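# Inside the fold
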Amino acid sequence: MRMMKAIKCGILENENLVESIKTVLDDFNSNVSKETQDSIYAKTVGSIAGRMITNAYLSGKLANIILKTAVYSRLLAFRISTVSTILLTGGLATRSIYKSEELKDKNLSVYYALRHKGDLDFLYFLIQPFVDPFIDAISVRQKQGQEPFNKIVSLVEKELNGKKI
């Protein structure tokens with residue numbers, strides 16, 4: 001089973017959580033023009049460095065927030081208690097599988113990007129509340145085109161630059 005192989009290969013390690021968030025942000029950024037990215041990230045340090053630093057910073061920041069959630073704390077506790085592992089792994093594995101399938105239905109490109117990086121799609125249930133706005137924007141671009149996506153990015157840019165929408 002793919003889930004068991006992923007767990008055995010260390011999918012629950014912190015760097016995989018960061019990588020799964022980074023993958024979603026990279027996919028989102030690939031749809032944003034370089035000029036817009038430069039405008040959004042210019043305040044960070046400069047255009048190219050700003051994009052890289054901001055993406056890494058956001059990924060790390062979101063990962064730290066997720067690491068403090070109750071669900072992730074329970075996952076880490078699995079390493080301590082065998083009985084808890086047996087009882088809770090079934091429920092979390094089921095939730096992970098269902099959320100992975102939900103992501104597949106919601107956005108196939110993000111699903112495959114995560115899956116091809118070591119079955120990181122199984123971590124979607126942990127990162128979903130934090131990355132769904134990005135995935136929704138990617139879906140808008142895929143289904144409605146670049147112009148509606150650009151409008152979303154423009155709203156984000158105005159918000160980040162302190163302009164009223």
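For every chain, the first residue of its written sequence is number 1, and the numbers climb from 1 along that sequence. In keeping with the model being predicted, local features are shown solely for residues with a pLDDT of at least 70 and side-chain atom pairs are shown and tallied solely at 80 or more, while totals for entire chains, interfaces and linings include all residues. Each side-chain value is worked out from all heavy atoms of the structure, with water and hydrogens disregarded.

## Here's the deal with the nonpolar core
Among buried residues, those of type Ala, Val, Leu, Ile, Met, Phe, Trp, Tyr and Cys that are joined through side-chain atoms within 4.5 Å constitute a nonpolar core. Only protein chains enter the accessibility calculation, which uses a 1.4 Å probe; a residue is then buried when its area is under 20% of its type maximum, exposed when over 50%, and partly exposed in between. Counting 28 residues, the largest nonpolar core has Phe28, Leu103, Val110, Ile127, Val131 and Ile135 as its most contacted members. Runs of E in the DSSP output that reach at least two residues are strands. Runs of H or I that reach at least four are helices, and both are numbered from the N terminus. Looking at this core, the elements that each hand over two or more residues are α1 (2–8), α2 (14–30), α6 (82–106), α7 (108–115), α8 (124–144) and α9 (146–160). By residue number, the principal contributor to this core is α8, which donates eight residues.

## Some words on the packing of aromatic side chains
When two rings of Phe, Tyr or Trp (its six-membered ring) have centres within 6.5 Å they constitute a pair, described as stacked for plane angles under 30 degrees, edge-to-face for angles over 60, and tilted for the intermediate range. Summed over all chains, the structure comprises three aromatic pairs. Look at Tyr111 and Tyr112: their rings are 5.0 Å apart centre to centre, the planes differ by 75°, and that puts the pair in the edge-to-face class. One aromatic cluster is present, formed by Phe28, Phe134 and Phe149 through successive ring pairs.

## Focus: the side chain of Asp121
Within the secondary structure layout, Asp121 lies in the loop between α7 and α8. A 3.5 Å cut-off defines polar contacts: any pair of N or O atoms within that distance qualifies, except that in protein one atom must be a possible hydrogen donor and the other a possible acceptor, and neighbouring residues in sequence count only when both atoms are side-chain atoms. Side-chain polar atoms of Asp121 contact the side chain of Arg2, separated by 2.9 Å. Note on contacts: a residue pair qualifies if any of its non-hydrogen atoms lie within 4.5 Å across the two residues. Sequence-distant contacts of Asp121, defined by excluding residues within four places in its chain, comprise Arg2, Ser100, Tyr111, Leu114 and Arg115.

## What about the environment of Glu101?
Tracing the backbone through its elements, the reader meets Glu101 in helix α6. Take Glu101: its relative accessible area is 36%, and that puts it in the partly exposed class. For Glu101 and Asp121, which are 20 residues apart along the polypeptide, the C-alpha to C-alpha distance reads 8.8 Å.

## Side note on the packing of α2 against α8
Helix-helix packing: each pair is described by the crossing angle between the helix axes and the interaxial distance. One can describe the packing of α2 onto α8 by two numbers: an axis separation of 9 Å at closest approach and a directional angle of 15°. The angle between α2 and α8 places the two elements in the roughly parallel class. Pair α2 / α8 crosses with left-handed handedness. Contacts between α2 and α8 involve Leu17, Ser20, Ile21, Val24, Leu25, Asp27 and Phe28 from the first element and Leu126, Ile127, Val131, Phe134, Ile135, Ala137 and Ile138 from the second. Under the convention adopted here, Pro, Cys and the residues Ala, Val, Leu, Ile, Met, Phe, Trp and Tyr are nonpolar, Asp, Glu, Lys and Arg are charged, and Gly plus all remaining residues are polar. Within the contact of α2 with α8, the residues separate by chemical class into 12 nonpolar, one polar and one charged. Angles run from 0 to 180 degrees between N-to-C directions of axes, and those axes are lines fitted to C-alpha atoms, restricted for helices to the stretch in contact. Under this scheme an angle from 65 to 115 degrees is roughly perpendicular, one under 35 degrees roughly parallel, and one over 145 degrees roughly antiparallel; angles in between are oblique. Here is the rule for handedness: rotate from the far helix to the near one, and if that takes an anticlockwise turn smaller than a right angle the crossing is left-handed, while a clockwise turn gives right-handed.

## Observations regarding the confidence of the model for the protein
Per-residue confidence from the prediction method is given by pLDDT, with values spanning 0 to 100. Residue-level pLDDT values for the protein average 75, and 65% of them are 70 or greater. Here residues 44–51 is a poorly scored stretch, pLDDT under 50, and it has 13 contacts once near neighbours within four places are set aside; other chains count.

## Some details on the side chain of Ser96
Here Ser96 shows up in helix α6. On the basis of relative accessibility, which here comes to 2%, the residue Ser96 falls in the buried class. Other than its neighbours up to four places away in sequence, Ser96 contacts Met3, Phe122 and Phe125.

## A word on unusual backbone geometry
A positive phi angle, near 60°, is found at Asp119, a position not held by glycine. Mapped onto the elements, Asp119 comes out in the loop between α7 and α8. Asp119 gets classed as buried once you look at its relative accessible area, which sits at 13%.

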